[in-house]
Amino acid sequence: GITFVILFLMNIFVFASSIIINGAMDGIEIAKNKIGADLVISSKTENFDEIAENIMYEGLPQTLFVDKKYEDSIKKIPHVTRVVSRLYLATLKGASCCDDQVQLIATDFSNDFLLATVVDSKELGPNEIILGSKFAANVGETVKYYGREFIVKEKIEKTGTGYDISGFISYESAKSIMEDKQYEDLY
């Protein structure tokens, strides 16, 4: 009887320990993703460090991108475990095409593990946008950037990062903007 009780308690202890360890590992992974990328790769750009800091930490609108075709070759680099590609578009200040000057970030929501920690949506339509916490627009309302109207699908809770003053769009929307003859001289 005593042996049975001891074995029973040991099994409970082992089972509880595995649950605690798995929970801690999941928590570490979420925290790591919230911190951000370990490595940022961009096209050759003058003052890259300053531009990247402005985009990621201060949310200052800048335009920066790497052609998505390089993503597969980056994934093959030793010790690179996950890759997410983004395209950063700065909207135009004081122009009739845009409600305000903000950072638009085009990303693939199905594999953006960094954004997944703060956004519930797994996909975004061509006329939808996810806005940071500091925007006045609410879910269901419309905002205008580059002459296109976007319906606010979701608002991000306050993060204390540049996400709070950024808008997230699909690659399809960004491609449409970049192919527009009216804006071709901006890229």
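Notes on the structure follow. (Residues numbered from 1 in each chain as written. Predicted model: local features only at pLDDT ≥ 70, side-chain atom pairs only at ≥ 80, totals over all residues. Heavy atoms only, no water.)

So, on to the overall build of the protein. Along its length, the protein carries four helices and seven strands. Ordered by position from N to C terminus, the α and β elements of the protein give α-α-β-α-β-β-β-β-β-β-α. Looking at the protein as a whole, 33% of its 187 residues are labelled buried. As displayed, the protein offers around 12,000 Å² of accessible surface, 56% of which is attributable to carbon and sulfur atoms. (Helix = DSSP H or I, 4+ residues; strand = E, 2+ residues; numbered from the N terminus. Buried < 20%, exposed > 50% of the residue type's maximum accessible area, 1.4 Å probe, protein only. Areas by Shrake-Rupley, 256 points an atom, 1.4 Å probe, with all protein chains shown as cover.)

Every other side chain in a regular strand lies on the same face of the sheet, so the side chains alternate between the two faces. Burial along strand 7 (residues 166-169) is two-sided: the face carrying Ser166 and Phe168 and the face carrying Gly167 and Ile169 are both buried. Two elements, strand 3 (residues 103-107) and strand 7, share four bridges in a ladder whose sense is parallel. Note on strand 7: the bridge partner recorded for Ile105 is Phe168. Bridge count for strand 4 (residues 128-131) against strand 7 is two bridges, and the pairing is antiparallel. Bridging across to strand 7, Leu131 finds its partner in Gly167. (Pairing = 2+ DSSP bridges.)

Along the chain, Ser166 falls in strand 7. Setting aside its immediate chain neighbours within four residues, Ser166 contacts Gln103, Ile105, Ile130, Leu131, Gly132 and Phe135. (Contact = heavy atoms within 4.5 Å.)

What follows is about the nonpolar core. Within the largest apolar cluster, 17 residues are counted, with the highest numbers of intra-cluster contacts made by Leu104, Ile129, Leu131, Val143, Tyr145, Phe150 and Ile169. With 13 residues, the next largest nonpolar core counts Phe113, Leu114, Leu115 and Phe168 among its residues. (Core = buried A, V, L, I, M, F, W, Y, C linked by side-chain atoms within 4.5 Å.)

The next subject is the pattern of salt bridges. A full pass over the atoms with the stated rule returns two salt bridges. Taking the shortest distance from any N to any O, the salt bridge between Lys153 and Glu128 comes out at 3.9 Å. With Lys153 in strand 6 (residues 148-155) and Glu128 in strand 4, this residue pair connects regions lying 25 residues apart in the sequence. Judged by its relative accessible area of 31%, Lys153 is partly exposed. (Salt bridge = Lys/Arg side-chain N within 4 Å of Asp/Glu carboxyl O.)

With that settled, the discussion passes to unusual backbone geometry. A positive phi angle, close to 50°, is found at Tyr146, a residue other than glycine. With respect to the helices, strands and loops of the structure, Tyr146 is situated in the loop between strand 5 (142-145) and strand 6.

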